[in-house]
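# Summary of structural features
This is what each chain is made of:
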Amino acid sequence: PPTAPTSAARTESRRTKEASMARSTARKRALNTLYEADEKGQDFLSLLDERIAQPGAQTPLPEYAIEIVRGVDEHRRDIDSQLNTHSTGWKVKRMHAIDRNILRIATWEILYNDDVPDKVAIDEALNLSKTLSDDAAPSFIHGVLSAIVAAKDKQSPQSTPLDDSDKDESDQTN
């Protein structure tokens, strides 16, 4: 019969859940910053600097939220190009601001943050879109992000050719 998890295993599981919740909160806070800047026509980093200096009634921005906003800003041209390439019928500038910035966050995580599995980036984007956008947004966002993941996977082959040291001796010619 299976044994009960040890105290250490329960503690590790709780830490993992807390870290996951903290990242979800950070994504939401990053989205708020990106969305606000987008709506105001303000530079992402200038609004981020304002939020860091004066968080107002909210708690200070989590470090991961700051990392997201800076990452999206740094790679915005490539991210928007990816979104334009993989979005059917909707260019970035025509998307709802909330959807555009949910997609930017997830695309940054997929392409530039190896700490976040692609599936997690997509799931988190879907969760945000289900609560913050219209009914059509989740399927649109899922389609775009899935296409970005597929293109990324196609560009980075999973296997590499064997070198001679990996070959069976019978494969080598003398």
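See the structure printed just above.
So, here is what we can say about the structure in this document. If you're wondering where the values come from, they're calculated on a predicted model, not measured in any experiment.

Now for the packing of helix H3 (residues 63-74) against helix H5 (residues 97-112). Contact pair H3 / H5: the axes reach a minimum separation of 10 Å and the direction vectors enclose 90 degrees. The angle between H3 and H5 places the two elements in the roughly perpendicular class. The segment H3 lies against H5, with Tyr64, Glu67, Ile68, Gly71 and Val72 engaging Arg104, Ile105, Trp108 and Glu109. The residue makeup of the contact of H3 with H5, split by class, is 5 nonpolar, 1 polar and 3 charged.

Before going further, it helps to spend a moment on the pattern of salt bridges. Tallied over the entire structure, the rule returns 10 salt bridges. In this structure, the salt-bridge partner of Arg27 is Glu109, at a minimum N-O distance of 2.9 Å. You can see Arg27 sitting in helix H1 (residues 7-40) and its partner Glu109 sitting in helix H5, a full 82 residues away along the chain. On the basis of relative accessibility, which here comes to 3%, the residue Arg27 falls in the buried class. Across the pair Asp80 and Arg104 runs a salt bridge whose closest N-O atoms are separated by 2.9 Å. Remark: Arg104 occurs in helix H5 and Asp80 occurs in helix H4 (residues 76-86); sequence separation between them is 24 residues. For the pair shown, Asp80 and Arg104 are each scored as buried. One connected set of salt bridges, linked through shared partners, spans Asp38, Arg76, Asp80, Arg100 and Arg104.

All right, on to the packing of aromatic side chains then. According to the stated counting rule, one finds 1 aromatic pair in the structure shown. With centroids separated by 6.3 Å and ring planes inclined at 50 degrees, the aromatic side chains of Tyr64 and Trp108 adopt a geometry described as tilted. Here the residue Tyr64 occupies a position in helix H3, and Trp108 occupies one in helix H5, the gap between them amounting to 44 residues. For the pair shown, Tyr64 and Trp108 are each scored as buried. Positioned over the ring face of Tyr64 is Arg23, at 4.2 Å from the centre of the ring.

When its volume is computed, the largest pocket comes out at roughly 150 Å³. In terms of lining residues, the largest pocket is bounded by Trp90, Arg94, Met95, His96, Asp99, Asp134, Ala136, Ala137 and Phe140. Residues that form the lining of the largest pocket fall into these classes: 5 nonpolar, 1 polar and 3 charged.

Moving on, we come to the packing of helix H2 (residues 44-53) against H3. One way to put it is that H2 packs onto H3 with a least axis distance of 9 Å and a crossing angle of 165 degrees. Relative to H3, H2 is oriented roughly antiparallel. Helix-helix and strand crossings are classified by hand; for H2 and H3 the assignment is left-handed. Contacts between H2 and H3 involve Phe44, Leu45, Leu48 and Ile52 on the former and, on the latter, Ile66, Val69, Arg70, Val72 and Asp73. Taken together, the residues of the contact of H2 with H3 sort by class into 7 nonpolar, no polar and 2 charged.

Rules used in this analysis
- Residues numbered from 1 in each chain as written.
- Predicted model: local features only at pLDDT ≥ 70, side-chain atom pairs only at ≥ 80, totals over all residues.
- Heavy atoms only, no water.
- Axes fitted to C-alpha atoms, helices over the stretch in contact; angles between N-to-C directions.
- Helix = DSSP H or I, 4+ residues; strand = E, 2+ residues; numbered from the N terminus.
- Parallel < 35°, antiparallel > 145°, perpendicular 65-115°, else oblique.
- Contact = heavy atoms within 4.5 Å.
- Nonpolar A, V, L, I, M, F, W, Y, C, P; charged D, E, K, R; others polar.
- Salt bridge = Lys/Arg side-chain N within 4 Å of Asp/Glu carboxyl O.
- Buried < 20%, exposed > 50% of the residue type's maximum accessible area, 1.4 Å probe, protein only.
- Phe/Tyr/Trp six-rings, centres within 6.5 Å; stacked < 30°, edge-to-face > 60°.
- Lys NZ or Arg CZ within 6 Å of the ring centre and 35° of its normal.
- 1 Å grid on protein atoms, 1.4 Å probe; cavity = no way out; pocket = protein on both sides within 12 Å on 5 of 7 lines; lining within 4 Å.
- Points joined across faces, edges and corners; volume = space filled by probe spheres on them.
- Left-handed = near helix turned anticlockwise from the far one by under 90°.

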